[in-house]
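Now for the letters of each chain:
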Amino acid sequence: MRSTMQDAPLTVGRIVRYATSVHSAGEVATFDGEGCRRISYGELGKRSARLANVLRSLGIRGDERVGSFLWNNTEHVEAYAAVPSMGAVLHTLNIRLFPEQLVYITNHAADQVVICDGSLIGLLAPVLDQMKTVRHVLVTPGGDGSALEGMGADIHDYEELMAGASEDFDFHPGLIDDERDAAAMCYTSGTTGNPKGVAYSHRSIYLHSMQGMSAEGFNLSQGDKVLAVVPMFHAMAWGLPYAAMMCGADQLMPDRFLQAEPMARLIATERPDVAGAVPTVWGALLAHLDANPVDVSCLRDVVVGGSACPPSMMKGFEERHSVRLIHAWGMTELSPIGSVGRAPVGLSPEETWARRISQGRLPCAVEGRLVDDDGAIMPNDGEAVGELEVRGPWVAASYYHNPDMPDDLGEEKFRDGWLRTGDVGTLTPDGFLTLTDRAKDVIKSGGEWISSVDLENTIMGHPAVAEAAVIGIPDPKWDERPLAAVVLRPEANVSFSELRDYLGDKVAKWQLPENWVFVAEVPKTSVGKFDKKVLRARHAAGELDVTTF
Ligand code: AMP
């Protein structure tokens, strides 16, 4: 029997129409280092209409991709609102990617237009001529777009085009054919090979936004002010902008002022209730606050995820600054909410703490199971350790395929309708996830991936090097930093600083290993692969004579 209910599509346009009318008094504020510039949701509606008209005039008619190369700021929220609502697809470009990867993802997504932050022109200029599909660049205030001229794209002043555009645009539901169509894209940072594209649907964003508002999620509601420190190019700022629009919460955007000192000032003066960032950001803020205390107790729901949050950081915030951190786990492929560490009521203080420092509880929409190396399902008994697989309405079912480009579909990540997360851990009968390890050996530095394999391959390109293995070692500031273990060719001679210089123009600066050791050989598994577990154990046992600079 079919239901008798209406089938109203769940779309981003519905969220934006609601926010900009019913919650027209809501606010988006962007920090400029001193104070904030502000627009209301009502004005956001008008500016989104202008942007949609600008993009139409530049030839965006259907589901073409519009790239954003922006900090977390008002212009980025305008792109979040306008681009999916007009039927196009927002592609949030990670400004920290290595140039080759930036070129790859722009070409792979076939971005037609890029909205570039005035302060980021210097990062776009060296690669724009390789972005084959980009026809127009809109430059937001704060920089001189002339550095982008002559590279195959027309360069426009964002505010000039906005001023000349009509503030009437009918974001009617018919602009979207199907709620399952793509609304926005994010690429994962490639751990091996190229980054892979995740295309979120209108429906997945809508449902995920409801989770953001839920008391089991980020607990966001009208009257709150939310500070999204997590970049809007990293898993859609964890969905915070859309969840805020859905409930009319105010949004506070840090722009490029991400260091602890301005962040503390921003929190103390603007008094947000909800915030989200990776452990590195909160760790730096905690160290700053310990030395320079200001009142940040306005923060009620502070979500920390992207890497494991040290329990000592949770305790430090709670005991010294009256702020309770909430640990969460997620992935770009999960939109990204996977689990949130809110303890059930009625537990002892010890049990409550154990739940809070775990990666959290999977919500109703995200089913999880643990699988062993042979693919057998393991019990959710809090003991058995396996690779986590998940499925649900905001979990990726595949990566985006561009038929015109060679790409890596990462097919090994998807099995029988489940996403293989690559994360290894336990699940309790009441749904709490604890991660114990990563299936892959990727290095997580400051919330961003560093591919150990890419580093190894590059180091092994040096004529003096026979073998190189790179592992992540604990770092108090960045969580992990790479350690390169190098085997020299017989009779070869090279110093660590020469090797580092050799990497200088081949890998991103922040990925350069500062820890080095020469070893007689890299330990190997039975099938001849580098055995990094053994290497890590040797490092932990203090057996490696590491040079750090
Ligand atoms: P990304 O797609 O860049 O957000 O990275 C997702 C990965 O980050 C996950 O697969 C985990 O390995 C890691 N991760 C995210 N949150 C946590 C957490 N709370 N604890 C440990 N690892 C995490």
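Use the structure listed above.
Just so we're clear, the structure is a prediction, and the values are computed from it rather than from any experiment.

> Kindly report on the pattern of salt bridges, identifying the contributing residues and their values.
As enumerated under the stated definition, the model contains 27 salt bridges in all. Its salt-bridge partner being D301, residue R300 comes within 2.6 Å of it at the nearest N-O pair. In this structure, the salt-bridge partner of R420 is E387, at a minimum N-O distance of 3.8 Å. Remark: E387 occurs in strand β19 (residues 386-391) and R420 occurs in strand β21 (residues 418-427); sequence separation between them is 33 residues. Classification of R420 as partly exposed rests on a relative accessible area of 24%. Judged by its relative accessible area of 16%, E387 falls in the buried class. Through salt bridges that share partners, R369, E387, E389, R415 and R420 make up one connected network.

> I'd love a proper account of the environment of T269, names of residues and values included.
You can see T269 is positioned in helix α9 (residues 260-270). T269 sits in the exposed class, given a relative accessible area of 61%. The spacing of T269 and G35 is 234 residues in sequence and 9.1 Å in space, taken between C-alpha atoms. A distance of 2.8 Å separates a polar atom in the side chain of T269 from the backbone oxygen of R265.

> Explain the pairing of strand β9 (residues 197-201) residue by residue, including any values.
Burial analysis of β9 places four of its five residues in the buried class, the great majority of the element. Bridge count for strand β8 (residues 182-187) against β9 is five bridges, and the pairing is antiparallel. Counterpart to M185 in the pairing with β9 is A199.

> I'd like to hear about the layout of surface pockets, residue by residue, with values.
A volume near 870 Å³ is recorded for the second largest pocket. Of the residues forming the lining of the second largest pocket, the biggest block, three residues, is contributed by helix α10 (residues 279-291). By residue class, the composition of the lining of the second largest pocket is 19 nonpolar, seven polar and eight charged.

> Would you mind going over the site of the ligand in detail, with residue names and values included?
Around the ligand, the surrounding shell holds 16 residues, and the nearest of these are A328, T332, Q359, D423 and K444. At 3.1 Å, a side-chain N or O of H234 approaches an oxygen atom of the ligand. Between K444 and the ligand, the recorded distance is 2.9 Å, taken from a side-chain N or O atom to an oxygen atom. When the ligand is considered free in solution it has 500 Å² of accessible area, and contact with the protein chains removes 95% of it. When residues of the shell around the ligand are traced back to their parent elements, those giving at least two are β14 (325-330) and β22 (432-438).

> An account of the nonpolar core is needed here, citing residue identities and associated values.
The nonpolar side chains of a soluble globular protein tend to be buried, and buried together. In this structure, L55, L138 and M245 are the most contacted members of the largest nonpolar core, which totals 86 residues. Core analysis: the next-biggest nonpolar cluster, separate from the first, contains 29 residues, L93, Y104, C116 and Y187 among them.

> Run through the pairing of strand β27 (residues 515-518), naming residues and quoting values.
Here strand β26 (residues 479-488) pairs with β27 via four bridges, running parallel. The partner of A484 across the bridge, within β27, is W516. In this sheet, strand β28 (residues 547-548) lies alongside β27 in antiparallel orientation, the contact comprising two bridges. Counterpart to N515 in the pairing with β28 is T548.

> So what's going on with the sheet that holds strand β4 (residues 89-92)? Residues and values would help.
Strands sit in the order β7-β6-β5-β3-β4-β8-β9 across an open sheet of seven strands; the sheet is mixed. Of all the strands in the sheet, just β7 (154-157) and β9 have a single pairing partner and so form its edges. Neighbour-to-neighbour, the strand axes of the sheet open up by a mean angle of 25°, direction not taken into account. Taken together, the two bridges between β4 and β8 define a ladder with parallel strand orientation. By the bridge assignment for β8, H91 is matched with M185. Where helix α3 (residues 74-85) meets the sheet, it contacts β3 (65-69), β4, β5 (111-116) and β8, and its direction lies at approximately 150° from that of β4. Strands in contact with helix α4 (residues 99-109) are β3, β4, β5 and β8; relative to β8, the strand with the most contacts, it is inclined by about 155°.

Calculation criteria
Residues numbered from 1 in each chain as written. Predicted model: local features only at pLDDT ≥ 70, side-chain atom pairs only at ≥ 80, totals over all residues. Heavy atoms only, no water. Salt bridge = Lys/Arg side-chain N within 4 Å of Asp/Glu carboxyl O. Helix = DSSP H or I, 4+ residues; strand = E, 2+ residues; numbered from the N terminus. Buried < 20%, exposed > 50% of the residue type's maximum accessible area, 1.4 Å probe, protein only. Polar contact = N/O pair within 3.5 Å; in protein donor to acceptor, adjacent residues only side chain to side chain. Pairing = 2+ DSSP bridges. 1 Å grid on protein atoms, 1.4 Å probe; cavity = no way out; pocket = protein on both sides within 12 Å on 5 of 7 lines; lining within 4 Å. Points joined across faces, edges and corners; volume = space filled by probe spheres on them. Nonpolar A, V, L, I, M, F, W, Y, C, P; charged D, E, K, R; others polar. Near = heavy atom within 4 Å. Areas by Shrake-Rupley, 256 points an atom, 1.4 Å probe, with all protein chains shown as cover. Core = buried A, V, L, I, M, F, W, Y, C linked by side-chain atoms within 4.5 Å. Axes fitted to C-alpha atoms, helices over the stretch in contact; angles between N-to-C directions. Contact = heavy atoms within 4.5 Å.

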